[in-house]
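Commentary on secondary and tertiary structure
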Amino acid sequence: MIYFEHPKFELNMDKLCRRLRIDKDNESNESIRKQLPALRKIAEENTELKILYLEGDGYFKTGIEDVDRCEKQLVCLCYTTEKILDLINGMMADGDFFEAYIINDMANEALFNASNRMNEHIFQKMKEEGRNLTEKYSPGEDGIPLEYQKDYLDLLLAETDLEVTINKSYMLIPEKTMMYTYGADTTNPEISVAHDCRKCSKTDCYFREIDLVTV
């Protein structure tokens, strides 16, 4: 079974300002703050988000032992179409570097938020079936071969048409694409799917907010 959705564009402007070091009490940032609503509108109008996941009852393998031992395997994909990337590249070519940088950041967060929404949907669906999820596993992280991205993409393409391809280096295209997998089983302990920066191996991630988390 494959689940597919065009999610809404969601963006937390407070987080955006923290990432960009835009202090609302700093008068020198006022001109930047005034531009943000218009830039958000542009980002929202041009960011075409798509999320989907393939759910299987052991009829495919992910290559990850913790996932393949489970009753169900799930391969998840979140991406934006090339529309937003074409816009950003065009703005860069015209010299509108600041605007392009802000819109790129907005699109990245919207993609991240869409992924989180899908993960919560999967969590609730599996819970209703009496199953809990494993940790999330992503090719290219924690020793998982990046080549698995091709295997997972082939599984999805066998079920539906996608605007996603992969190059010889196993990098997904469009650039703003996320792919990962879960297992679901009745024997798994219940764990949260909410993203926790303290547990994430991407220590250089631009969205990392460990300093904002109370430990």
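This report concerns the structure included in the present document. Every value quoted in this text rests on a predicted model; they were computed, and no experiment measured them. (Residues numbered from 1 in each chain as written. Predicted model: local features only at pLDDT ≥ 70, side-chain atom pairs only at ≥ 80, totals over all residues. Heavy atoms only, no water.)

**A closer look at the overall build of the protein chain**
Assigned secondary structure in the protein chain consists of six helices and seven strands. Along the protein chain, helices (α) and strands (β) appear in the sequence β-α-α-β-α-β-α-α-β-α-β-β-β when read from the amino end. For 215 residues, the compact-globule estimate of 2.2 N^0.38 gives 17 Å, and the C-alpha radius of gyration of the protein chain, at 19 Å, lies within 12% of that figure. With respect to the principal axes defined by its C-alpha atoms, the protein chain has extents near 55 × 40 × 30 Å. Each of the 215 residues in the protein chain was classed as buried or not, and the buried ones make up 42%. Residue pairs in contact within the protein chain that sit at least 24 positions apart in sequence constitute 73% of those at least 6 positions apart. When the accessible surface of the protein chain is summed, it comes to about 11,700 Å², and 49% of that surface belongs to carbon and sulfur atoms. (Helix = DSSP H or I, 4+ residues; strand = E, 2+ residues; numbered from the N terminus. Rg over C-alpha atoms; globule rule 2.2 N^0.38 Å. Buried < 20%, exposed > 50% of the residue type's maximum accessible area, 1.4 Å probe, protein only. Contact = heavy atoms within 4.5 Å. Areas by Shrake-Rupley, 256 points an atom, 1.4 Å probe, with all protein chains shown as cover.)

**Details of the nonpolar core**
Counting 36 residues, the largest nonpolar core has M106, M118, I122 and L133 as the members making the most contacts within it. For this core, the secondary structure elements donating two or more residues are α1 (13-19), α2 (30-46), β2 (49-56), β3 (72-80), α4 (82-93), α5 (97-128) and β7 (177-185). The element contributing the most residues to this core is α5, with twelve residues. Ignoring sequence-local partners within four residues, the contact set of I122 consists of Y53, L74, C76 and L133. Grouped together as the second largest cluster of nonpolar side chains are 17 residues, I64, Y137, L162 and L172 included. (Core = buried A, V, L, I, M, F, W, Y, C linked by side-chain atoms within 4.5 Å.)

**Side note on α5**
In this model α5 runs 47 Å from its N-terminal to its C-terminal C-alpha over 32 residues, within 8% of the 46 Å that 1.5 Å per residue would give. Once α5 ends, the next one or two residues include G130, with phi positive near 85 degrees. (Expected span 1.5 Å × (residues − 1).)

**Details of unusual backbone geometry**
A cis amide bond, omega 10 degrees, links I173 with the succeeding residue P174. Phi angles above zero are rare outside glycine, and R21 is one such case at about 60 degrees. The residue D142 is not glycine, and still its phi comes out positive at about 55 degrees. By the secondary structure assignment, D142 is in the loop between β4 (132-133) and α6 (148-157).

**Brief notes about the pattern of salt bridges**
Evaluation of the coordinates by the stated rule reveals 15 salt bridges. D57 serves as the salt-bridge partner of K72, at 2.6 Å between the closest nitrogen and oxygen. Of this pair, K72 sits in strand β3 while D57 is found in the loop between β2 and α3 (65-68), placing the two residues 15 residues apart along the sequence. Under the relative-accessibility criterion, D57 is labelled exposed at 54%. Through salt bridges with shared partners, a single ionic network connects E55, D57, E71, K72, K125, E129 and R131. (Salt bridge = Lys/Arg side-chain N within 4 Å of Asp/Glu carboxyl O.)

**Description of the packing of aromatic side chains**
What the rule picks out here adds up to four aromatic pairs. Centroid distance Y59 to F60: 5.1 Å. Interplanar angle 85 degrees. Geometry classified as edge-to-face. Judged by relative accessible area, which is 49%, Y59 ranks as partly exposed. Above the plane of the ring of Y180 lies K136, whose end atom (NZ or CZ) is 4.5 Å from the centre. (Phe/Tyr/Trp six-rings, centres within 6.5 Å; stacked < 30°, edge-to-face > 60°. Lys NZ or Arg CZ within 6 Å of the ring centre and 35° of its normal.)

**Topic: the environment of N132**
As for its placement among the helices and strands, N132 is situated in strand β4. A residue is classified by how much of its surface remains accessible, and N132, at 15% relative accessible area, is buried. In this structure, the C-alpha to C-alpha distance between N132 and A114, residues 18 residues apart in sequence, is 21 Å. Discounting chain neighbours no more than four positions away, the residues touching N132 are G183, A184, D185, N188, P189 and E190. Among the polar contacts made by the side chain of N132, one reaches the main-chain carbonyl oxygen of N188 at a distance of 2.8 Å. (Polar contact = N/O pair within 3.5 Å; in protein donor to acceptor, adjacent residues only side chain to side chain.)

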